Amino acid sequence: SLFNNNNNNNHNHHLHAAQAAFEAGLSFAPTDHLLHMGVGQVHNRRGNETAAAFTRLHRAAQCYPASPTAGIAMGKLHLAAQRPRAALRRLDTVLLETIRDKDLEPGAFLALQAAAWEAR
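What you see is a predicted model, and the numbers here were worked out from it, not measured in a lab.

What follows is about the pattern of salt bridges. For the coordinates displayed, the defined rule picks out two salt bridges. With its nearest N and O atoms 2.8 Å apart, the salt bridge here joins Arg56 to Glu23. Of this pair, Arg56 sits in helix H3 (residues 50-63) while Glu23 is found in helix H1 (residues 2-28), placing the two residues 33 residues apart along the sequence. Residue class for Glu23 comes out partly exposed when judged on its relative accessible area of 28%.

Not every positive phi belongs to a glycine, and Gln82 is a case in point at roughly 60°. Structurally, Gln82 can be placed in the loop between helix H4 (69-80) and helix H5 (84-99).

How each quantity is defined
- Residues numbered from 1 in each chain as written.
- Predicted model: local features only at pLDDT ≥ 70, side-chain atom pairs only at ≥ 80, totals over all residues.
- Heavy atoms only, no water.
- Salt bridge = Lys/Arg side-chain N within 4 Å of Asp/Glu carboxyl O.
- Helix = DSSP H or I, 4+ residues; strand = E, 2+ residues; numbered from the N terminus.
- Buried < 20%, exposed > 50% of the residue type's maximum accessible area, 1.4 Å probe, protein only.

Structure follows, in structure tokens:
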């Protein structure tokens, strides 16, 4: 219907604007993991850009390997793409390496561990 087309066009416009803003930020800070995460999430929201989303999330993980956020997002992306074994491998890496190796306050450790286990 016309109403749905308008909503889709508006949604696509917002995604395009968000990606442009993240890309502009990356031109100034090319190793900012949060900006790469943002671009990855935009690709993921479009629904048919799984490979591009995974590439950006992987880049985010490379930029800041101590953060488990990109690894958890990649695990969820594998699940959405119906690749459960790849998801388990990714989430196990987060649980066994990324989170365990950090010197975190107990509450922060538990919150990150819970997010990874929830996705797993």
